[in-house]
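Tertiary structure, described
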Amino acid sequence: MAGIHAVIHCDGHLEFRDGIPDPVDQGGRSLHADTFIIQRAGWGGPGLHGDTGPVSDLAAASPFNGTAASVVSALGGPVQSILGSLVIGGDHDQPGHGETVPCGLTTAQQHLIQDVHRAVLRSAGADRHANGG
């Protein structure tokens, strides 16, 4: 799956990478511990999906990623615990098939993720300050 993807690391750092591969086994099944829809693609518009780390990373007891969970929630995605790093990619409808196909993020999606991430960090900083941290 080529294109730009967002990665939110456990320390809260956001980076954009080009060409994050989708880890799959020999049968073509995803090796992600969890893949979920953040925003559904439809009506010709792009969507967003999240991928948590590979299943093999769960054995390493990946830490809770509160920043990623807050960003997903702020983007309208499901409320869930995210362990380890989160990769956010785009989705688009495949014309004539009714299927959603993973793709890279549009420029608008990259800006949206960056703005939401910044707001989440600002809010977390304000909360720490208000609680004497």
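Residues numbered from 1 in each chain as written. Predicted model: local features only at pLDDT ≥ 70, side-chain atom pairs only at ≥ 80, totals over all residues. Heavy atoms only, no water.

Note on placement: H117 falls in helix α3 (residues 107–130). Owing to a relative accessible area of 7%, H117 belongs among the buried residues under this scheme. (Helix = DSSP H or I, 4+ residues; strand = E, 2+ residues; numbered from the N terminus. Buried < 20%, exposed > 50% of the residue type's maximum accessible area, 1.4 Å probe, protein only.)

Turning our attention to the pattern of salt bridges. One pass over the full model with this rule turns up 2 salt bridges. Of the charged contacts, one joins R17 and E15 as a salt bridge, the two residues approaching to 3.0 Å between their closest N and O atoms. Owing to a relative accessible area of 24%, E15 belongs among the partly exposed residues under this scheme. Among the ionic pairs, R118 bridges to D115, the shortest N-O distance being 3.4 Å. Of this pair, R118 and D115 both sit in helix α3, separated by 3 residues, roughly a single helical turn. Of the residues examined, R118 reaches a relative accessible area of 42% and is grouped as partly exposed. Its relative accessible area of 45% is what places D115 among the partly exposed residues. (Salt bridge = Lys/Arg side-chain N within 4 Å of Asp/Glu carboxyl O.)

Across soluble globular proteins, nonpolar side chains show a tendency to be buried alongside one another. Among the nonpolar cores identified, the biggest contains 18 residues, and I38, L48, L75, I82, L86, I88 and I113 are the most heavily contacted of them. When contributions to this core are tallied by element, the ones reaching two or more residues are β1 (4–8), β3 (35–39), α2 (66–74), β5 (86–94) and α3. With residues near it in sequence (within four places) discarded, I38 still touches L48, H49, G50, V72, L75, G76, G77, P78 and I88. (Core = buried A, V, L, I, M, F, W, Y, C linked by side-chain atoms within 4.5 Å. Contact = heavy atoms within 4.5 Å.)

Within β1, 4 of the 5 residues are buried, which leaves the element mostly enclosed by the surrounding structure. Looking at chain direction, β1 and strand β2 (residues 14–18) are connected through 5 bridges and run antiparallel. Following the sheet pairing, H5 is matched in β2 by R17. Counting the residues in the hairpin turn of β1 and β2 gives 5 residues, including G12, whose phi is positive at 95°. Pairing geometry for β1 and β5, over 3 bridges, is antiparallel. Paired with V7 across the two strands is V87, which belongs to β5. (Pairing = 2+ DSSP bridges.)

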